[in-house]
Amino acid sequence: MIIKNKTVLVTGAGSGIGEACAAAFACEGARVILTGKTQAHLEACRKKIIKKYPKARCMVSAFDVRDIAAVRKALETLPRPFRAVDVLINNAGLGLGKEKFYEGDPADWDVMIDTNIKGLLYISRFIAPEMVARGKGHIINISSIAGRRAYPGGNVYCATKAAVRMLSSAMRIDLIDTPVRVTDIAPGKVKTDFSRVRFKGDAQRAKKEYLGFHPLSSHDIAEIAVFVVSRPDHVVLDELLVTPREMISTAIFHKRR
Ligand SMILES: NC(=O)c1ccc[n+]([C@@H]2O[C@H](COP(=O)([O-])OP(=O)(O)OC[C@H]3O[C@@H](n4cnc5c(N)ncnc54)[C@H](OP(=O)(O)O)[C@@H]3O)[C@@H](O)[C@H]2O)c1
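Let us look at the structure shown here.

Rules used throughout
- Residues numbered from 1 in each chain as written.
- Predicted model: local features only at pLDDT ≥ 70, side-chain atom pairs only at ≥ 80, totals over all residues.
- Heavy atoms only, no water.
- Helix = DSSP H or I, 4+ residues; strand = E, 2+ residues; numbered from the N terminus.
- Expected span 1.5 Å × (residues − 1).
- Buried < 20%, exposed > 50% of the residue type's maximum accessible area, 1.4 Å probe, protein only.
- Arc of directions from axis to C-beta.
- Contact = heavy atoms within 4.5 Å.
- Salt bridge = Lys/Arg side-chain N within 4 Å of Asp/Glu carboxyl O.
- 1 Å grid on protein atoms, 1.4 Å probe; cavity = no way out; pocket = protein on both sides within 12 Å on 5 of 7 lines; lining within 4 Å.
- Points joined across faces, edges and corners; volume = space filled by probe spheres on them.
- Nonpolar A, V, L, I, M, F, W, Y, C, P; charged D, E, K, R; others polar.

### Quick look at helix α2 (residues 39–52)
Think of an α-helix as turning once every 3.6 residues; residues three or four places apart then point the same way. Between its first and last C-alpha atoms α2 spans 20 Å; for 14 residues at 1.5 Å apiece the expected length is 20 Å, and the two agree. For α2, the complete set of buried residues consists of Leu42, Cys45 and Ile49. For α2, the angular spread of buried residues about the axis comes to 65 degrees, placing them on one side. Exposed residues on α2 whose side chains face more than 90 degrees from its buried face are Ala40, Lys47 and Lys51. For α2, the secondary structure elements touched by its buried residues are α1 (16–27), β2 (31–36) and β3 (57–62).

Structure follows, in structure tokens:
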């Protein structure tokens with residue numbers, strides 16, 4: 001798929017991997033819809049993109065992926081040039097807490113399950129039929145290395161990401177008789193706001209997650225998203241596990257200090 005003039009919708013585009021994906025696709029000449037929970041984050045990202053690529057065509061739509069009515073309304077009211085979504089990047093997601101499961105907060109579990117699994121399903125449920133009807137499209141789901149093997153305190157977050165991986169596989173099966181492609185990108189540790197969110201604003205604790213090794217950047221993942229979408233239409237990069245060199249799995253990790 002040639003990216004120029006395609007319409008790309010990114011969830012969770014207000015920071016981290018989503019922001020980098022929005023910028024990378026804008027750089028390639030795509031129309032980009034930045035969606036996320038917080039309007040101010042999205043506006044700030046849009047401004048950064050426009051500053052870097054003055055000809056970029058991007059718009060902002062703030063909604064919570066957990067709210068199916070809000071998802072529907074946002075998609076139904078997209079302005080005409082942005083209405084036909086060619087690429088959906090299901091990126092919005094989070095981990096909350098790192099306690100043992102029997103000490104975890106069920107309210108945190110609900111947020112993770114509702115965002116990482118149900119939010120991804122809601123938006124895909126609305127956009128995929130239009131891709132099928134138009135006979136083209138690409139869905140990229142951002143799962144995680146956490147979905148492949150649990151780690152201490154990962155419990156519910158790992159389970160949600162294992163579900164994303166399984167949904168990616170199921171989507172491919174359900175779309176096999178259509179031209180719509182599905183790719184699952186499973187990043188290892190990427191330096192973003194993820195840990196700050198997980199540790200509820202504890203910046204010191206978050207910083208420690210990235211010490212002693214060279215983590216991925218959100219740009220590393222965005223470049224890969226652009227690469228997978230720009231393959232010819234008959235080529236699918238199905239599942240991609242992308243890790244820092246010093247990380248092989250959630251269990252095998254080399255920290256220099
Ligand atoms: N960082 C890593 O090491 C890593 C590794 C593997 C996978 N991942 C996955 O990568 C994805 C992006 O994470 P990130 O590292 O880029 O973290 P991030 O910087 O915290 O970005 C997460 C984004 O998701 C949005 N979001 C959260 N809840 C939402 C909701 N209910 N509705 C709409 N948007 C929502 C946030 O929007 P607001 O800012 O507006 O709240 C934020 O822009 C997540 O799915 C994460 O699980 C991250």
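### Remarks on the pattern of salt bridges
Counted according to the given criterion, the structure contains 14 salt bridges. In this structure, Arg148 engages Glu239 in a salt bridge whose closest nitrogen and oxygen atoms are separated by 3.2 Å. Separated by 91 residues along the polypeptide, Arg148 in the loop between β5 (138–142) and α5 (155–174) and Glu239 in strand β7 (residues 239–242) bring together distant segments of the chain. Judged by relative accessible area, Glu239 falls into the partly exposed class, the value being 37%. Between Asp193 and Arg196 there is a salt bridge, with its nearest N and O atoms 3.3 Å apart. A relative accessible area of 36% places Arg196 in the partly exposed class.

### What to know about the layout of surface pockets
The space that makes up the largest pocket amounts to roughly 1200 Å³. Surrounding the largest pocket, 47 residues form its lining, Gly93, Leu94, Thr192, Asp193 and Phe194 being those nearest its centre. Going through the elements one at a time, α1, α2, α4 (106–134), α5 and α6 (194–198) are the ones with two or more residues in the lining of the largest pocket. The element contributing the most residues to the lining of the largest pocket is α6, with five residues. Of the residues in the lining of the largest pocket, the class split is 19 nonpolar, 17 polar and eleven charged. Estimated volume of the second largest pocket: approximately 310 Å³. Together, 16 residues line the second largest pocket, and Ala20, Ala23, Ala24, Lys52 and His219 are the ones closest to its centre. Listing elements by their share of the lining of the second largest pocket, those giving two or more residues are α1, α2 and α8 (218–229). For the lining of the second largest pocket, the element with the most residues is α1, which contributes six residues. Within the lining of the second largest pocket, the residues separate by chemical class into eight nonpolar, three polar and five charged.

Worth remembering: the numbers are spatial, not functional.
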